[in-house]
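Listed below, chain by chain, are the residues.
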Amino acid sequence: MGPLRAAAGGLRRSGGRAAPPAGRSRKGASLRRGAPAPPPTRHLFSDPAEIAALRGDLLGWYDRCKRDLPWRTLAAAELDTDRRAYAVWVSEVMLQQTQVATVIDYYNRWMQKWPTLQALAQASLEVVFELAGQMPRTAEDLQKLLPGVGRYTAGAIASISYRQATGVVDGNVIRVLCRLRCIGADSSSPAVIDQLWDMANALVDRSRPGDFNQALMELGATVCVPKAPLCGECPVKQHCRARRRVEKELVFASQQLFGKPTPVPDVEDCGVGGCPLCPPATEPWDSSLGVTNFPRKAAKKQPRVARTASCVLERRDCHGAPEYLIVQRPSSGLLAGLWEFPSLPLAQGLQEEEERQALADHLQAWMGQPVVAKGLQLIGEVVHIFSHIHQTYVVYSLPLDGDVTLDPASSSSRWVTEEEFYASAVSTAMKKVLKACEKQHRKESSPGKGSKRKRGAKTQGASSTGGGTQLSLYTFLRVPTAP
Ligand code: SF4
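Nothing here was measured: the structure is a model prediction, and the numbers come from that model.

Caption draft 1: Expanded view of the overall build of the protein chain. Along the protein chain, the regular secondary structure elements total 17 helices and seven strands. Put simply, the protein chain has 483 residues, and 47% of those count as buried. Once local pairs closer than 6 in sequence are excluded, the contacts in the protein chain between residues at least 24 apart make up 69%. In the form shown here, the protein chain has an accessible surface area of approximately 24100 Å², with 55% of it arising from carbon and sulfur atoms.

Caption draft 2: Representation of the site of the ligand. What surrounds the ligand is the set R179, L180, C224, C231, C234, K237, C240, R243 and V291. A molecule is said to occupy a pocket when more than half its atoms come within 2 Å of that pocket's grid points, and by this definition the ligand occupies the largest cavity.

Caption draft 3: Up close: the nonpolar core. Ranked by size, the top nonpolar core spans 75 residues in total, and within it Y86, W89, L177 and L219 carry the most contacts. The element best represented in this core is helix α5 (residues 81-95), accounting for nine residues. Membership of the second largest hydrophobic core comes to 22 residues, among which are V382, Y393, V416 and V433.

Caption draft 4: Fine view of the packing of α5 against helix α9 (residues 151-162). Put simply, α5 and α9 touch, their axes get as near as 9 Å, and they point 140° apart. Of the possible angle classes, the one that applies to α5 and α9 is oblique. Crossing geometry of α5 relative to α9 is assigned as right-handed. Mapping the contact onto sequence places T81, R84, A85, V88, W89 and E92 in α5 and Y152, T153, A156, I157, I160, S161 and Y162 in α9.

Caption draft 5: Region of interest: helix α14 (residues 352-367). Taking 1.5 Å as the rise per residue, α14 with 16 residues should run 22 Å; its terminal C-alpha atoms sit 22 Å apart, in good agreement. Among the residues of α14, E355, R356, L359, A360, L363, W366 and M367 are the ones counted as buried. For α14, the angular spread of buried residues about the axis comes to 135°, placing them on one side. Residues of α14 that are buried make contact with β1 (304-316), β2 (322-328), β4 (343-346), β5 (377-385), β6 (389-399) and β7 (413-417).

Caption draft 6: Examining unusual backbone geometry more closely. For the bond running from F294 to P295, omega is -10°, close enough to zero to count as cis. Note on placement: P295 falls in the loop between α13 (241-257) and β1. In this model, C182 sits at a positive phi of 50°, which is unusual for a non-glycine residue. Relative to the elements of secondary structure, C182 occurs in the loop between α10 (171-180) and α11 (190-203). The phi dihedral of L335 is positive, around 55°, even though this residue is not glycine. With respect to the helices and strands, the residue L335 is situated in the loop between β2 and β3 (339-340).

Caption draft 7: Molecular detail of the pattern of salt bridges. The tally for this structure, following the rule as stated, stands at 18 salt bridges. One salt bridge connects R307 with E381, and the closest N-O pair in it is separated by 2.9 Å. Highlighted residues: R307 in strand β1 and E381 in strand β5, separated in sequence by 74 residues. Here R356 ties to E352 by a salt bridge, and the two come within 3.1 Å at their closest N and O atoms.

Caption draft 8: Broad picture of the environment of P280. Residue placement: P280 occurs in the loop between α13 and β1. Taking relative accessible area as the criterion, P280 reaches 33% and is therefore assigned partly exposed. C-alpha separation for the pair P280 and A185, spaced 95 residues apart in sequence, amounts to 6.4 Å.

Caption draft 9: Examining α11 more closely. Taking 1.5 Å as the rise per residue, α11 with 14 residues should run 20 Å; its terminal C-alpha atoms sit 20 Å apart, in good agreement. Burial analysis of α11 places ten of its 14 residues in the buried class, the great majority of the element. Those residues of α11 that sit buried are V192, I193, D194, Q195, L196, W197, M199, A200, N201 and L203.

Caption draft 10: Just the packing of aromatic side chains, in detail. Evaluation of the coordinates by the stated rule reveals six aromatic pairs. Note on W285 and F294: the rings are 5.9 Å apart at their centroids and 45° apart in plane angle, and the pair reads as tilted. Each member of the pair W285 and F294 is classed as buried. Between F341 and F421 the ring centres are 5.0 Å apart and the planes differ by 10°, which places this aromatic pair in the stacked class. Here F341, found in the loop between β3 and β4, pairs with F421, found in helix α15 (residues 418-423); they are 80 residues apart in sequence, far enough to count as distant. We note that F341, like F421, is buried. Taken together through their ring pairs, the aromatic side chains of Y324, F341, F421 and Y422 make up a single cluster. Sitting above the plane of the W197 ring, R151 keeps its charged end 4.1 Å from the centroid.

Caption draft 11: Examining empty space enclosed by the protein more closely. In total, this model carries two cavities of 30 Å³ or more according to the counting rule given. Here the largest cavity defines a volume of roughly 110 Å³. If you go around the largest cavity, you meet 15 residues; those closest to its centre are R179, C224, C231, C234 and C240. Broken down by class, the residue content of the lining of the largest cavity amounts to twelve nonpolar, no polar and three charged. Volume-wise, the second largest cavity comes out at about 90 Å³. Lining the second largest cavity are eleven residues, and of these W71, R72, E92, I160 and Q214 sit closest to its centre. Of the residues belonging to the lining of the second largest cavity, the class tally is five nonpolar, two polar and four charged.

Caption draft 12: Structural detail: the environment of L434. Relative to the helices and strands, L434 resides in helix α16 (residues 428-445). A relative accessible area of 0% places L434 in the buried class. The sequence separation of L434 and Y422 amounts to twelve residues, and the corresponding C-alpha distance is 9.6 Å. In this structure L434 touches V312, Y324, F341, F421 and Y422, once residues within four positions along its chain are discounted.

Basis of the calculations
What you see as residue numbers is a count from 1 along each chain, following the sequence as written. Restriction of local features to residues with pLDDT of at least 70 applies here, the model being predicted, together with a cutoff of 80 or more for giving and counting side-chain atom pairs; totals for whole chains, interfaces and linings are based on all residues. To get the side-chain values, take all heavy atoms of the structure and skip hydrogens and water. Going along the chain from the N terminus, every DSSP run of H or I of four or more residues is numbered as a helix, and every run of E of two or more is numbered as a strand. Only protein chains enter the accessibility calculation, which uses a 1.4 Å probe. A residue is then buried if its area is under 20% of the maximum for its type, exposed if over 50%, and partly exposed in between. Contact definition: two residues touch when any of their heavy atoms are within 4.5 Å. Only the protein chains shown count as covering a residue, and every accessible area follows the Shrake-Rupley method with a 1.4 Å probe. Nearness is defined per residue: one heavy atom within 4 Å of the molecule or strand is enough. Both site types are read off a 1 Å grid over the protein atoms alone. A 1.4 Å probe that fits but cannot get out defines a cavity, while an open set with protein on both sides within 12 Å along at least five of seven lines defines a pocket; lining residues have an atom within 4 Å of a point. To be counted as sitting in a cavity or pocket, a molecule needs more than half of its atoms within 2 Å of that site's grid points. Only buried Ala, Val, Leu, Ile, Met, Phe, Trp, Tyr and Cys residues count toward a nonpolar core, and they belong to the same one when joined by side-chain atoms within 4.5 Å. Under this scheme, a helix contributes an axis fitted over its contacting stretch, all axes are lines through C-alpha atoms, and angles between N-to-C directions fall in the 0 to 180 degree range. Any angle between 65 and 115 degrees counts as roughly perpendicular, while under 35 counts as roughly parallel, over 145 as roughly antiparallel, and the rest as oblique. By definition, any crossing whose near helix is turned counterclockwise from its far helix by less than a right angle is left-handed, and any crossing with a clockwise turn is right-handed. In a helix, the anticipated span is given by 1.5 Å times the number of residues less one. Directions from the helix axis toward the C-beta atoms define the arc. Between Lys or Arg on one side and Asp or Glu on the other, a salt bridge is scored when a side-chain nitrogen of the former is within 4 Å of a carboxyl oxygen of the latter. Stacked, edge-to-face and tilted are the three classes for Phe, Tyr and Trp ring pairs, Trp counted by its six-membered ring, which pair at centre distances within 6.5 Å; planes under 30 degrees apart are stacked, over 60 edge-to-face, the rest tilted. Whether a charge sits over a ring depends on NZ of Lys or CZ of Arg being within 6 Å of the ring centre and within 35 degrees of the ring normal. Grid points are joined across faces, edges and corners, and a volume is the space filled by probe spheres set on the points. The nonpolar class holds Ala, Val, Leu, Ile, Met, Phe, Trp, Tyr, Cys and Pro. Asp, Glu, Lys and Arg form the charged class, and all remaining residues, Gly among them, are polar.

Structure, rendered in structure tokens:
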């Protein structure tokens with residue numbers, strides 16, 4: 001796995017930029033989906049004079065107030081286009097994983113170690129060799145040719161590094177645009193996301209696209225924040241329809257208070273039933289929320305429940321220190337490219353013995369030799385919550401006293417020391433798995449600590465020469481003979 005992907009997987013995701021929707025086409029949403037009429041103009045930026053004013057207000061504010069960040073300094077000072085694009089790419093990948101404050105240190109260290117795409121390519125054979133060290137020059141090519149680069153990252157690199165007038169949509173931009181134009185439909189729905197991309201592309205400043213995009217994101221990160229936006233300090237407040245709506249509501253409330261129930265026409269309402277960008281009729285305006293009525297997300301789905309059997313295969317090196325076998329996950333899907341202990345997703349509702357047998361069969365197919373289910377030591381269960389999956393790992397361990405010959409057609413694998421394991425691109429869940437295993441082994445090796453297993457008892461198939469509970473691989477893999 002390339003270091004860039006490793007960083008993407010290894011950094012903690014904690015409130016950084018929301019992963020942008022990737023791979024959508026750029027034509028108008030309504031054309032693509034082949035039907036609905038264009039949304040009412042109140043949700044759009046259709047007045048050229050207002051667009052020009054908004055660009056000027058936002059860029060003026062950005063020039064005065066922008067944060068001093070290493071990737072911005074580098075992008076502004078670097079004359080070499082490839083280096084500039086590479087520097088922006090690295091920052092954008094990292095910013096999608098975690099917060100700005102956390103990224104700064106990672107970024108500086110990364111750029112010291114791999115200052116160019118060529119340096120990165122030397123460190124990993126998996127990174128962009130076909131490009132001969134040259135970054136693609138447009139958002140379209142970046143998305144098409146660079147592994148793992150979606151629409152947002154491509155737009156950010158192209159606008160910041162090449163001054164291509166293309167918009168970006170990340171979590172901050174979604175929030176700002178939804179407030180500016182009172183978009184209250186589910187902001188994670190494809191229809192709304194498409195509309196926001198169209199809007200971002202229409203709004204982006206033609207002469208300073210990179211600065212404009214960064215300014216919009218900066219506004220969302222520092223002023224138009226999720227919970228308590230600083231509307232009084234906002235450079236684009238005069239263009240903000242959410243704020244205008246709050247003001248109207250206040251006027252209406254005060255009129256009611258003084259017994260003047262003059263209905264204030266709700267100028268921020270479309271008056272169009274079924275508007276695809278208005279809040280659903282079932283979720284009316286909540287005056288206690290003010291501008292934070294926007295954006296809205298559909299209620300979260302309950303996370304999917306999943307069980308996976310994981311086996312910590314362990315051997316001792318020549319000094320008696322443990323080494324673990326890890327394998328690489330596929331290059332797409334959940335935890336793409338990360339390393340893990342050999343694992344098998346389990347069907348729901350299996351009994352413990354069935355789960356154990358399924359894992360033994362899986363290991364057997366993988367190693368090409370018989371594996372005895374009863375030889376797998378059950379360590380316990382480790383729960384890890386992903387955003388959309390409630391994952392339980394059923395942890396087994398299997399001590400070995402030699403190498404195993406793995407099917408070369410299966411995924412990459414390697415033996416690692418404990419230190420190397422923690423330094424590898426492994427998920428937090430796998431770190432928990434190893435910790436559970438080590439804890440259990442400590443319990444077993446410290447007398448009187450109440451191990452569930454009877455002290456001194458040998459696991460089935462234990463080597464007669466290995467001492468303790470260490471298994472001989474040969475013995476373990478041997479097909480059991482009838483008693
Ligand atoms: Fe956001 Fe308030 Fe500015 Fe509107 S006025 S864009 S809600 S900070």
